[in-house]
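Descriptive analysis of the structure
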Amino acid sequence: MINFEMKRSIFNSFPELNEKLKSDNRVNYVYPHSLKRSKMLATQLHPNGNGYVNGKYINEEVINEKGYQVDPRGWIKIKDFTQSQLREIILIALKSLNDTAIEGNELTSISLNDVSPISIEETEDISFNNLVDSCLFNWLGYGQVNSPIWFMGMEEGGAEIWRNKTKTLRQSLEIRSTFILQMDFQYVWEDLYNVPLESFKGPTVWRFMAAFLLELDGAQVNATTIENFLFSSKTLGRSNSNHFLAELMPLPKPSRASIEPYHSIWKSVKSYEQDVEEKRFEIIKETLTKNDNVKIIVSYDRNLTELIYNQFSLEIETAENWKYNEEQYYLHEFNLTNNRTILLLVTPFFGNGRISYDGLLHAAKHVKKMLYYGYN
């Protein structure tokens, strides 16, 4: 049985659904564009594992084919569903609320194309190349994609493999192949990788993210509040958070300059990036377009910033820019769609002495002013 946070992550990976928090820690999911009388897709999702998906409008042939047990109210209990089964029934229920009949002969294409990531059990005999392929485009980052604040990094580091050594490369990829678009940060690191977040109490980019978020929320920013944010309340990158931690390149690597773990597939880092980069940006653009709450992207990597400039046709000359001591900052305002504007904050790298907390907090104050007074 998958846990409550994973179930929420799966539901929240469908941008057309609205999460509604209810009493007693229960969660409902509403599909506001339903063509049926009912707009409730799922109800009573609870930390104890319970939860129900609307089966009232699902074709009887599909019900029989999948073996769903529909209670007298028309609801299907999902307590013991696997990840792929849950994604599948959400998709089927969405189609039923769209007044789209699903015939039995459509089920195979639904499962293969829209639903099932590769499960760990199914990967025992899969080739390494195919396993890598399954990790390239299924996942984008940690947290809540429909959040006001996005941080964008260049790539995954793979601390579970090379630093903490709780997983081999293959084990890590097998886990990653089951990921959905957004994942819960604590769940992945502590439950899947078996790496306590407290083990990262040294310098990390996470500390600067925490400081920026605390400043935007009007909270005190100091060593204690940052520690609490990351390691006590463990707020960073949660599925119900107000932020999202996106990564452009999806594969864990021991260093940015090396392609060593994947040399059987790509001859160089450049060839890997050329193969993957364009489609990854397509996923990012599509996700940003579908999620209206995203207001700002923070890019803290110079190479990534250049790619963002190219992808979104931005020019440095169009940005506000300022220096804090010797730290250079840029703030762009660009049109994502005809009626949608997003901010892009470009900062020095989060760490390695390239940015100060004071400089970043000064930038956060500038962003807050733009969000509340100079930006709709």
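Notes on the structure in this doc start here. The residue count restarts for each chain, going from 1 along the sequence in the order it is written. Where local features are concerned, this predicted model is filtered to residues with pLDDT of at least 70; where side-chain atom pairs are given and counted, the filter is 80 or more; whole-chain, interface and lining totals use all residues. Remark: hydrogens and water are excluded; side-chain values derive from all non-hydrogen atoms of the structure.

This next bit is on the pairing of strand E7 (residues 149-155). Per-residue accessibility, obtained with a 1.4 Å probe over protein chains only, is compared with the maximum for each type, and a residue is labelled buried under 20%, exposed over 50%, and partly exposed between these values. Strands are runs of DSSP state E lasting at least 2 residues, helices are runs of H or I lasting at least 4, and numbering of each runs from the N terminus. With 7 of its 7 residues buried, E7 lies for the most part within the structure. At least two DSSP bridges between two strands are required for those strands to pair. The sheet contact formed by E7 and strand E9 (residues 243-249) spans 6 bridges and is parallel. Following the sheet pairing, methionine 152 is matched in E9 by alanine 246. Of the strand pairs in this sheet, E7 and strand E10 (residues 296-299) are connected by 4 bridges, and their pairing is parallel. Considered in E10, the bridge of phenylalanine 151 is made with valine 298.

Right, let's get into the sheet that holds strand E13 (residues 340-346). As summarised here, the arrangement of the 8 strands in space is E8-E6-E9-E7-E10-E13-E12-E11, forming an open sheet in which the pairing is mixed. Both edges of this open sheet fall to strand E8 (182-183) and strand E11 (320-324), since each of them pairs with a single strand only.

To continue, consider the pattern of salt bridges. Should a side-chain nitrogen of Lys or Arg be within 4 Å of a carboxyl oxygen of Asp or Glu, the pair is scored as a salt bridge. Counted by the stated rule, this structure contains 15 salt bridges. In this structure, the salt-bridge partner of glutamate 227 is arginine 207, at a minimum N-O distance of 2.7 Å. With glutamate 227 in helix H10 (residues 223-232) and arginine 207 in helix H9 (residues 205-216), this pair connects stretches of sequence that are 20 residues apart. Residues joined by salt bridges that share partners form a network here, namely Glu156, Glu160 and Arg176.

Turning our eyes to something else, we now look at helix H7 (residues 169-176). Extensive coverage of H7 is indicated by the burial of 6 of its 8 residues. The complete set of buried residues in H7 reads Leu169, Ser172, Leu173, Glu174, Ile175 and Arg176. Buried residues belonging to H7 abut helix H5 (128-133), helix H6 (159-162) and helix H8 (185-192). Contacts were defined at the residue level, with two residues in contact if any of their heavy atoms lie within 4.5 Å.

All quantities given are derived from atomic positions and should not be read as evidence of function.
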